[in-house]
2 protein chains.
Amino acid sequence: MGSLPREVFFVSDSTGITAETLGNSLLSQFQGQFVKHRVPFVATPDIAHSLAADITAACTDENVPIVFMTVMAPDVRDIVLNTPAITIDLVDYNLQILEETLGHRARRDRGLFHTIDDADRYRDRMSAVEFAIEHDDGESIKGLGLADVILVAPSRCGKTPTTMYLAVNYGVRAANIPLLEEDFLAQQLPEYLRAYRKRIFGMISTPQRLHQVREERRPNSPYSSLQQCSFEIKAAETIFQAHDIPYLDTSALSVEEISARVISTLGLSAAQK
Amino acid sequence: MGSLPREVFFVSDSTGITAETLGNSLLSQFQGQFVKHRVPFVATPDIAHSLAADITAACTDENVPIVFMTVMAPDVRDIVLNTPAITIDLVDYNLQILEETLGHRARRDRGLFHTIDDADRYRDRMSAVEFAIEHDDGESIKGLGLADVILVAPSRCGKTPTTMYLAVNYGVRAANIPLLEEDFLAQQLPEYLRAYRKRIFGMISTPQRLHQVREERRPNSPYSSLQQCSFEIKAAETIFQAHDIPYLDTSALSVEEISARVISTLGLSAAQK
């Protein structure tokens, strides 16, 4: 096959995040090289004409670009559809199905779900982010009672990115607490956490992955040794099982997936709904 | 019409974020009430059968549920497709188009883009989140030279959530710096920031919105008065224009949209690509 990399455009009248995420999911089902371009905010015919010229310029006989598109306005959409590219329209056909089902016409105006934060949602996310910063890495145990979730894990298992993801994407108030040597030796949750058992979610990793991540921070230290990593993970599992706390091996998961599992396991209602 | 709220299911073999986001975008084009359920990790026929029973139970003569689905495996997908609900399959038809275009079969295995963080992407995001926490709200001006972007704005214009969103979703190293009274009076960027002008992105709000947000923090204070908010926004605009810094009124935008605009304006390459 040895074919050229294929040009791919993710085109949206809003941020382009949805077109890009779904487009990448679909492309991940195929072999081949792709050169990807995200083109957000294609909201007027002028912008669309200029984009259409770029797409057309990228077309050759052997290589027709692929376009993933989430654009609501028909006049804008048609300009992109008229290029020689293969365009996967993620909107129009689905709107037609919904029109039939719901029995009335879609507005077809720009105004994607993501575009406007209503004041309540904004406030939830802002205060969740502030809460997460205040309660990162056991910084403060005051206010733990206000947490929607408390992530507990050995150091470097991914608590902090997950905490921030939950806060900024879902408005979930997340605190995170590292397990320490004294906890591993006692094989118990720290005393002050036990009252919040129902809101605790545990994280572990594999010894190999944890070793690798810790080595980057403190090379050749006892802290990052494979033996220490293995000990901490085993002890953390014992603690979680003893207190009946749900937990997850995060070593091969994305922050998105860890967050989704935390939310569905603890039955949190996400502000993003 | 006065019809019943319509049941909606977002069904995915992964996190369900894409099905939910695109589904909500499409539904936002219609009037009517929707009762929404996100159902992630539908990855086996067993789970799919149990979900199919729930969907079928939600069906009445007047109210057929709507399902938005991102499921790769045909055996799992078919179980959901066989319920009486209207199912919008966001995957299969698009995979068929891609198969024709690319000239080979899609794998159709679970393994969505989001599922696995490769080690590099994980490291980028982790270190970006740590950078963002260290450099939140002008906490530290050491290391500003390492920032991909420095958000500058009056207090409460949304710097912190945007900083965290950029870090955790895109692995972009973002710092944020509040403009202070002395900056407004001087109508100049603080001296130490000028070297980084090309990486600065400014944010403003409307006086009304800023007043409302600040009132929640410090009611009836000079800080939150409409007059002060109006003064700071005007002075911030003067500063941004004087230094030729791109800026945005964030008052009606979501964190996602602000972040996408920062990335496209500064030409940042997002780790999420």
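The structure this text deals with has already been given above.
Note that the coordinates shown come from a computational prediction; the quantities given were computed from them, not determined experimentally.

Right, let's talk about the interface of chain A and chain B for a bit. Frequently, the measure chosen for interface size is the accessible area that the parts lose on association. With 85 residues of chain A at the contact, the number on the chain B side is 84 residues. Around 7,900 Å² of area is buried between chain A and chain B when both sides are counted, 62% of it from carbon and sulfur atoms. By the criterion of area lost to chain B, the three top residues of chain A are Gln29, Phe30 and Glu256 of chain A, representing 9% of everything that side buries. Our count for the contact surface shared by chain A and chain B stands at eight salt bridges. A salt bridge links Arg156 of chain B to Glu130 of chain A; its shortest N-O distance comes to 2.3 Å. At the junction of chain A with chain B, the criterion picks out 18 residue pairs in polar contact (both at pLDDT 80 or more). Along the lines of polarity and charge, the residues of the side of chain A that touches chain B split into 39 nonpolar, 23 polar and 23 charged.

This brings us to the sheet that holds strand S2 (residues 34–39) of chain B. Residue and element names in this part refer to chain B. Spatially, four strands are ordered S2-S1-S3-S4 in an open sheet, and the strand pairing comes out parallel. Here the strands that pair on one side only, and so sit at the sheet edges, are S2 and strand S4 (86–89). Across this sheet, the average inter-strand angle for adjacent strands is 20 degrees, counted without regard to direction. Summarising the sheet, strand S1 (residues 6–12) and S2 pair through six bridges and their orientation is parallel. Looking across to S2, one finds that Phe9 is bridged to His37.

For the rest of this paragraph, the subject is unusual backbone geometry. At Arg156 of chain A, a residue that is not glycine, the phi angle is positive and equals roughly 75 degrees. Topologically, Arg156 of chain A is positioned in the loop between strand S5 (149–153) and helix H6 (159–170). Its relative accessible area of 15% is what places Arg156 of chain A among the buried residues. Positive phi is not limited to glycine here, since Asp137 of chain B has a value of about 55 degrees. Among the structural elements, Asp137 of chain B can be located in the loop between helix H5 (119–134) and strand S5 (149–153). Given a relative accessible area of 42%, Asp137 of chain B falls into the partly exposed group.

With that out of the way, let us pick up the relation of the copies chain A and chain B. Overlaying chain A with chain B gives an RMSD of 0.0 Å, the required rotation being 180 degrees about an axis along which the chain moves by 0.0 Å. Taken together, the rotation and translation describe the operation of a two-fold axis. Here 99% of the contact residues of chain A are again contact residues in chain B; the copies associate through an equivalent surface.

Residues and elements named next belong to chain A. Relative to the 18 Å expected for 13 residues at 1.5 Å per residue, helix H2 (residues 45–57) spans 18 Å between its end C-alpha atoms, a close match to the ideal helical length. Residues Ala48, Leu51, Ala52 and Ile55 constitute the buried set of H2. On an axial view of H2, the arc spanned by its buried residues comes to 110 degrees, and they lie on one face. Exposed residues on H2 whose side chains face more than 90 degrees from its buried face are Asp46 and Ala57. Each element contacted by the buried residues of H2 is listed here: strand S1 (6–12), strand S2 (34–39), strand S3 (66–70) and helix H3 (74–81).

What follows is about the packing of helix H1 (residues 17–27) of chain A against helix H1 (residues 17–27) of chain B. Packing of H1 of chain A against H1 of chain B leaves a shortest axis separation of 10 Å and a crossing angle of 135 degrees. Considering their axes alone, H1 of chain A and H1 of chain B lie oblique with respect to each other. Relative to H1 of chain B, the crossing made by H1 of chain A is left-handed. Across the interface between the two elements, Thr18, Thr21 and Leu22 of chain A of H1 of chain A pack against Thr18, Thr21 and Leu22 of chain B of H1 of chain B. Residues belonging to the contact of H1 of chain A with H1 of chain B are distributed by class as follows: two nonpolar, four polar and no charged.

Residues and elements named next belong to chain B. The four strands are arranged S6-S5-S7-S8 in an open sheet whose pairing can be described as parallel. Each edge of the sheet is formed by a strand with only one pairing partner; in this case those strands are strand S6 (174–178) and strand S8 (247–249). Along the sheet, successive strands turn relative to each other by an average axial angle of 25 degrees, direction set aside. Here helix H9 (residues 226–242) sits on the sheet in contact with S5, strand S7 (200–204) and S8, set at roughly 155 degrees to S7.

A separate point is the side chain of Arg77 of chain B. Inspection of the secondary structure assignment puts Arg77 of chain B in helix H3 (residues 74–81). Polar contacts involving the side chain of Arg77 of chain B include one to the side chain of Asp89 of chain B, which spans 3.4 Å.

Residues and elements named next belong to chain A. Summed over the entire model, instances satisfying the criterion amount to 28 salt bridges over all chains. Where Glu232 meets Arg214, a salt bridge forms, and the shortest distance between an N and an O atom there is 2.7 Å. Here Glu232, found in helix H9 (residues 226–242), pairs with Arg214, found in helix H8 (residues 207–217); they are 18 residues apart in sequence, far enough to count as distant. Comparing Glu232 with Arg214, the two get one shared label, buried. One salt-bridge network, held together by shared partners, links Arg77, Asp78, Asp89, Asp92, Glu99, Arg105 and Arg108.

Turning our eyes to something else, we now look at the packing of aromatic side chains. Think of a pair of aromatic rings as described by two things: how far the centres are apart, and how the planes are tilted against each other in angle. Evaluation of the coordinates by the stated rule reveals nine aromatic pairs over all chains. On the basis of an interplanar angle of 40 degrees and a centroid distance of 6.1 Å, the ring pair of Tyr93 of chain A and Tyr93 of chain B is categorised as tilted. In this pair, Tyr93 of chain A sits in helix H4 (residues 92–102) while Tyr93 of chain B sits in helix H4 (residues 92–102), so the two residues belong to two different chains. The residue whose ring lies beneath Arg261 of chain A is Phe41 of chain B, and the NZ or CZ to ring-centre distance is 3.9 Å. Sitting over the ring of Tyr223 of chain B, Arg214 of chain B keeps its end group 4.3 Å from the ring centre.

Parameters and conventions
Residues numbered from 1 in each chain as written. Chains lettered and ligands numbered in written order. Predicted model: local features only at pLDDT ≥ 70, side-chain atom pairs only at ≥ 80, totals over all residues. Heavy atoms only, no water. Contact = heavy atoms within 4.5 Å. Buried area = accessible area lost by both parts, 1.4 Å probe. Salt bridge = Lys/Arg side-chain N within 4 Å of Asp/Glu carboxyl O. Polar contact = N/O pair within 3.5 Å; in protein donor to acceptor, adjacent residues only side chain to side chain. Nonpolar A, V, L, I, M, F, W, Y, C, P; charged D, E, K, R; others polar. Pairing = 2+ DSSP bridges. Helix = DSSP H or I, 4+ residues; strand = E, 2+ residues; numbered from the N terminus. Axes fitted to C-alpha atoms, helices over the stretch in contact; angles between N-to-C directions. Buried < 20%, exposed > 50% of the residue type's maximum accessible area, 1.4 Å probe, protein only. Least-squares fit on C-alpha atoms with pLDDT ≥ 70 in both. Expected span 1.5 Å × (residues − 1). Arc of directions from axis to C-beta. Parallel < 35°, antiparallel > 145°, perpendicular 65-115°, else oblique. Left-handed = near helix turned anticlockwise from the far one by under 90°. Phe/Tyr/Trp six-rings, centres within 6.5 Å; stacked < 30°, edge-to-face > 60°. Lys NZ or Arg CZ within 6 Å of the ring centre and 35° of its normal.

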